[in-house]
Amino acid sequence: MDSLGSLAAFVWPGMQVLVFTFALVTAIELLLPREKHSFAGRLPGLVFWAIWSPIATIAAGGLVACRTWLGVDPLIILPLTMSWTGVLAIVVAPLAAAFAGDFFFYWCHRAQHRWLWRYHAVHHSVRELNSINSFHHVTEPVIQSLLIGIPCTLIVSDTVATVPVIAMLIHLQSAYIHSSTRLHWTPLRWLLIDNHFHRIHHSVEPRHFDRNFGAVTPLWDRLFDTAHFPAPDEWPETGVAGIDQPRTLREWFDLPWRYARAHAVPAAPDAEPSRNS
């Protein structure tokens, strides 16, 4: 019982952050809707997140525990304390952490599209995309812990007090970029990614495939030539050709294998993998 209590105490804060961010962004979607989505359409997403979130929290905690047990020290400590940047540390540290983390997210995301697509396709299969219906497959926490979590733990800031702020901002940004609201960061589009920019990444239109991989800043997409800045009226349909989004727990768990069976056609030796192959 003690171990279960300790596990609950570890997972519960993460669940609280998730509930708060979904409630806040959903309220914005309802106040400033770009599309109208039903509660019934959001319900499967709520169930999937309720299962996914504890797994993600445990995976992140296991990564930290493993690093501590191995005695691995950070390779780089960003000097962002108050003594270096003054009160700006409150803003600079979270932004620096978010931009650095987004660099590893960008390359993890590209790897998922090239080599782990059938698992990542769960996320892209959503046709009624909103903050709640932005769920991933249950394997995503493990993939992100390996490809994002490990390098991020080797580059840290010495402003430990900003860690809860960073966690909250990351959750808010993740929910917002998938939201179906008219609230966009148009004046800041060259610095911060909004839902209009990320919508292109989920588009069913081939001209949008493999574009806009970042989650925080378009800097990496611009630097590596994958950016597509949408026109004001460019709001494409989302999803993946040939498959529907999961609506039950069984469909959520087994979609990668159903997708693999449905697309088990040998590709040409020099063929590039694509969103719909």
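Relevant structure appears above.
Residues numbered from 1 in each chain as written. Predicted model: local features only at pLDDT ≥ 70, side-chain atom pairs only at ≥ 80, totals over all residues. Heavy atoms only, no water.

1. Focus on the overall build of the chain
The test is simple: Under the scheme used here, helices are H or I runs from DSSP no shorter than 4 residues and strands are E runs no shorter than 2 residues, and both carry numbers assigned from the N terminus. Burial classes follow relative accessibility: with a 1.4 Å probe on protein chains only, a residue under 20% of its type's maximum area counts as buried, one over 50% as exposed, and anything between as partly exposed. Only heavy atoms enter the contact rule, under which two residues are in contact if any of them lie within 4.5 Å. Here the Shrake-Rupley method, with its probe set to 1.4 Å, supplies the accessible areas, and only the displayed protein chains count as covering residues.
Looking only at helices and strands, the chain features 10 helices and 2 strands. Sequence-ordered secondary structure for the chain, helices as α and strands as β, is α-α-β-α-α-α-α-β-α-α-α-α. Out of the 277 residues belonging to the chain, those deemed buried represent 42%. Put simply, of all contacts in the chain between residues at least 6 apart along the chain, 76% involve residues at least 24 apart. Taken as a whole, the chain presents about 14600 Å² of accessible surface, with 71% of it coming from carbon and sulfur.

2. Thoughts on the packing of aromatic side chains
Defined as follows: Any two of the Phe, Tyr and Trp rings considered here, Trp counted by its six-membered ring, make a pair once their centres fall within 6.5 Å; the pair's planes then place it as stacked at under 30 degrees, edge-to-face at over 60, or tilted in between.
Under the definition given, this model contains 15 aromatic pairs. Plain terms: the ring middles of Phe103 and Trp220 are 5.0 Å apart, the flat faces sit at 70° to each other, and that makes the pair edge-to-face. Of this pair, Phe103 sits in helix H4 (residues 89-115) while Trp220 is found in helix H9 (residues 219-223), placing the two residues 117 residues apart along the sequence. Trp220 sits in the buried class, given a relative accessible area of 14%.

3. Re the environment of Val126
Within the secondary structure, Val126 is located in the loop between helix H5 (117-124) and helix H6 (140-153). Judged by its relative accessible area of 0%, Val126 is buried. The spacing of Val126 and Ile243 is 117 residues in sequence and 9.5 Å in space, taken between C-alpha atoms.

4. Things to note about unusual backbone geometry
Of note in the backbone geometry, Asp210 takes a positive phi value of approximately 55° without being a glycine. Position of Asp210 relative to the elements: it lies in the loop between helix H8 (195-201) and H9. Positive phi, close to 60°, is recorded for Asp225, a residue that is not glycine. The residue Asp225 is located in the loop between H9 and helix H10 (249-262) in this model.

5. Some remarks on the nonpolar core
The criterion, for reference: Put simply, buried Ala, Val, Leu, Ile, Met, Phe, Trp, Tyr and Cys residues joined by side-chain atoms within 4.5 Å make one nonpolar core.
If you look at the biggest cluster of nonpolar residues, it comprises 21 residues, and the most contacted ones within it are Phe22, Trp49, Phe135, Trp252 and Tyr259. Contributions of two or more residues to this core are made by helix H1 (2-31), helix H2 (39-70), H5 and H10. A total of 4 residues in this core trace back to one element, the largest contributor, which is H2. Judged by nonpolar contacts, the second largest core, of 10 residues, contains Phe104, Ile143, Ile148 and Ile193.

6. Digging into the side chain of Glu234
Where we set the bar: Each polar contact in these results corresponds to two N or O atoms within 3.5 Å; when the atoms are within protein, one needs to be able to donate a hydrogen and the other to accept it, and residues that are neighboring in sequence are counted only if both atoms are side-chain atoms.
Within the fold, Glu234 resides in the loop between H9 and H10. Take Glu234: its relative accessible area is 11%, and that puts it in the buried class. Within polar-contact distance, the side chain of Glu234 engages the backbone nitrogen of Ala231 at 2.8 Å. With residues near it in sequence (within four places) discarded, Glu234 still touches His196, Ile200, Arg207, His208, His228 and Phe229.

7. Things to note about the pattern of salt bridges
Our working definition: By definition here, a salt bridge exists when the distance from a side-chain nitrogen of Lys or Arg to a carboxyl oxygen of Asp or Glu is within 4 Å.
Under the definition given, this model contains 8 salt bridges. Between Arg258 and Asp254 there is a salt bridge whose closest N-O contact spans 2.7 Å. Here Asp254 and Arg258 lie together in helix H10, a separation of 4 residues that amounts to about one turn. Overall, the relative accessible area of 31% leaves Arg258 in the partly exposed class. A single network of salt bridges, built from pairs that share partners, joins Arg127, Asp244 and Arg247.

8. So, the side chain of His109
Following the sequence through the fold, His109 ends up in helix H4. On the basis of relative accessibility, which here comes to 2%, the residue His109 falls in the buried class. Side-chain polar atoms of His109 contact the side chain of His201, separated by 2.8 Å. In this view, His109 contacts His120, His124, His198, His201 and Phe213; residues no more than four positions away in its chain are not counted.

9. Regarding a nonpolar patch on the surface
Put simply, the test is: To count toward a patch, a residue needs a relative accessible area above 30% and no salt bridge. Like charges then connect within 9 Å, nonpolar side chains (Val, Leu, Ile, Met, Phe, Trp, Tyr) within 5 Å.
A surface patch of nonpolar side chains, about 520 Å² in accessible area, is lined by Phe39, Leu43, Leu46, Val47, Leu249 and Phe253. Mapped by element, the contributors of at least two residues to the nonpolar patch are H2 and H10. Broken down by element, the residue count for the nonpolar patch peaks at 4 residues, all from H2. Turning to its location among the elements, Phe39 is positioned in helix H2.

10. A closer look at the packing of H2 against H6
To be explicit about the condition: Every axis in this analysis is a line fitted to C-alpha atoms, fitted for helices over the stretch in contact. Angles between the N-to-C directions lie between 0 and 180 degrees. By convention, the crossing between two helices is left-handed when the near helix turns anticlockwise from the far helix through less than a right angle, and right-handed when the turn is clockwise. Basically, the charged four are Asp, Glu, Lys and Arg, the nonpolar ten are Ala, Val, Leu, Ile, Met, Phe, Trp, Tyr, Cys and Pro, and anything else, Gly included, counts as polar.
Contact geometry for H2 and H6: axes closest at 10 Å, N-to-C directions at 35°. Handedness of the H2/H6 crossing: right-handed. In contact with Trp52, Ile55, Ala56, Ala59, Ala60, Leu63 and Arg67 of H2, H6 contributes Glu140, Pro141, Ser145, Gly149, Ile150 and Thr153. Across the contact of H2 with H6, the residue classes tally to 8 nonpolar, 3 polar and 2 charged.

Note that every value here comes from positions in space, so none of it alone points to a role or purpose.
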